[in-house]
Amino acid sequence: INVIDAAARGNLKETGHSRVLYNLLKNKNICTHFIEKLLPGKVFKSIKLDDKITEGVDREKQNIDISIFAEPYFIIIENKVNGAEEQPGQIYRYVQYGLQKTGKDKIYVLYLNKDTRDLPTFKSLNKEGNEYGEAAFPNDEIKEQIIPLSYKNDIYNWISNVYENEKNKYENVKEDRERNEFL
């Protein structure tokens with residue numbers, strides 16, 4: 001992570017965060033681990049986790065930072081770091097796109113903040129893009145499916161866990177190879 005921060009001169013924009021996360025999620029094992037650790041257990045248990053899971057990982061499709069279509073679920077990942085502003089109706093539009101792929105009860109939004117677990121505002125959640133529009137909260141049915149996470153706590157811990165898992169796999173392979181060389 002320090003290498004990424006240094007390369008970005010300390011201010012990696014949301015597009016950079018998306019690019020790094022997208023590249024990690026293109027790996028089947030890492031994508032599976034991401035879904036398992038950051039989404040509710042019922043989602044992980046019912047997703048078809050096969051070799052095709054990474055085929056459903058997209059970046060910047062319909063302006064969604066990252067999306068994962070892991071049948072039957074559609075997972076929207078929205079980065080809000082380093083001053084990225086919410087756009088009027090942004091999450092609403094993303095959910096509407098997800099509805100073309102699956103039902104409302106199968107759509108999850110991971111809303112990634114820098115160091116807080118803030119939810120998106122009504123401005124982003126309703127069709128009109130109005131912060132105070134009381135009538136228009138069209139995504140009310142999926143409110144429980146919006147999961148606010150932070151890079152500081154959740155994503156950093158997840159990446160650290162992935163690193164340890166991959167490091168242990170590498171060490172085990174290295175030990176097996178060394179052991180076999182002496183036989």
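Coordinates for the structure precede this section.
Colleague: Would you mind showing me how to read unusual backbone geometry here?
Modeller: A negative phi angle is the norm for most residues apart from glycine, just as the trans form is the norm for most peptide bonds. Note that the residue after Glu-71, namely Pro-72, is joined by a cis bond; omega there is 10°. Topologically, Pro-72 is positioned in the loop between strand 2 (64–70) and strand 3 (73–80). For Gln-62, which is not glycine, the phi dihedral falls at a positive 55°. With respect to the secondary-structure elements, Gln-62 resides in the loop between strand 1 (57–61) and strand 2. Phi is positive for Asn-63, close to 65°, though the residue is something other than glycine. Take Asn-63: it is sitting in the loop between strand 1 and strand 2. Asn-63 sits in the exposed class, given a relative accessible area of 56%.

Colleague: Any chance you could explain the packing of aromatic side chains here in plain terms?
Modeller: Note on aromatic pairs: each is described by the distance of the centres and the angle between the planes. Per the counting criterion, the structure on display carries three aromatic pairs. Pairing Tyr-73 with Tyr-108 gives two aromatic rings, centres 6.0 Å apart and planes at 50°, and the pair type is tilted. Separated by 35 residues along the polypeptide, Tyr-73 in strand 3 and Tyr-108 in strand 4 (residues 107–113) bring together distant segments of the chain. We note that Tyr-73, like Tyr-108, is buried. Aromatic pair Phe-74 and Tyr-97: ring centres 5.7 Å apart, planes at 70°, arrangement edge-to-face. Linking Phe-74 in strand 3 with Tyr-97 in helix 5 (residues 90–98), this pair joins segments that are 23 residues apart in sequence. Residue classification places Phe-74 among the buried residues on the basis of a relative accessible area of 1%. Directly above the aromatic system of Phe-69 lies the positively charged group of Lys-101, at a separation of 5.5 Å from the ring centroid.

Colleague: Teacher, can you tell me more about helix 5 here?
Modeller: Residues that lie three or four places apart on an α-helix share one face, since the helix turns once every 3.6 residues. Counted residue by residue, helix 5 has seven buried out of nine residues, so it is predominantly covered. Every buried residue belonging to helix 5 is among Gln-90, Ile-91, Tyr-92, Tyr-94, Val-95, Tyr-97 and Gly-98, and all of these are buried. Of the surrounding secondary structure, the elements contacted by the buried residues of helix 5 are strand 1, strand 2, strand 3, strand 4 and helix 6 (122–125).

Colleague: In this structure, what is going on with helix 3 (residues 28–38)? I would like to understand it.
Modeller: The set of residues buried in helix 3 consists of Ile-30, Cys-31, Thr-32, His-33, Phe-34, Ile-35 and Leu-38. Its side-chain oxygen at 2.9 Å from the backbone nitrogen of Asn-29, Asn-27 defines the N-terminal cap of helix 3.

Colleague: Got a minute to help me understand the sheet that holds strand 5 (residues 146–150) in this structure?
Modeller: For sheets, the rule is that strands pair by backbone hydrogen bonds, running either parallel or antiparallel. Strand order in the open sheet formed by five strands is 1-2-3-4-5, with mixed pairing between adjacent strands. One side of each edge strand has no neighbouring strand; the edge strands of this open sheet are strand 1 and strand 5. Ignoring strand direction, the axes of neighbouring strands in this sheet form an average angle of 25°. Two elements, strand 2 and strand 3, share five bridges in a ladder whose sense is antiparallel. Looking at strand 3, one finds that Phe-69 is bridged to Phe-74. Sitting on the sheet, helix 3 touches strand 1, strand 2, strand 3, strand 4 and strand 5, and the angle it makes with strand 2 is about 95°. Across the sheet, helix 5 touches strand 1, strand 2, strand 3 and strand 4, and the angle it forms with strand 3 is around 160°.

Parameters and conventions
- Residues numbered from 1 in each chain as written.
- Predicted model: local features only at pLDDT ≥ 70, side-chain atom pairs only at ≥ 80, totals over all residues.
- Heavy atoms only, no water.
- Helix = DSSP H or I, 4+ residues; strand = E, 2+ residues; numbered from the N terminus.
- Buried < 20%, exposed > 50% of the residue type's maximum accessible area, 1.4 Å probe, protein only.
- Phe/Tyr/Trp six-rings, centres within 6.5 Å; stacked < 30°, edge-to-face > 60°.
- Lys NZ or Arg CZ within 6 Å of the ring centre and 35° of its normal.
- Contact = heavy atoms within 4.5 Å.
- Polar contact = N/O pair within 3.5 Å; in protein donor to acceptor, adjacent residues only side chain to side chain.
- Pairing = 2+ DSSP bridges.
- Axes fitted to C-alpha atoms, helices over the stretch in contact; angles between N-to-C directions.

No statement about biological role is implied by the geometric values presented.
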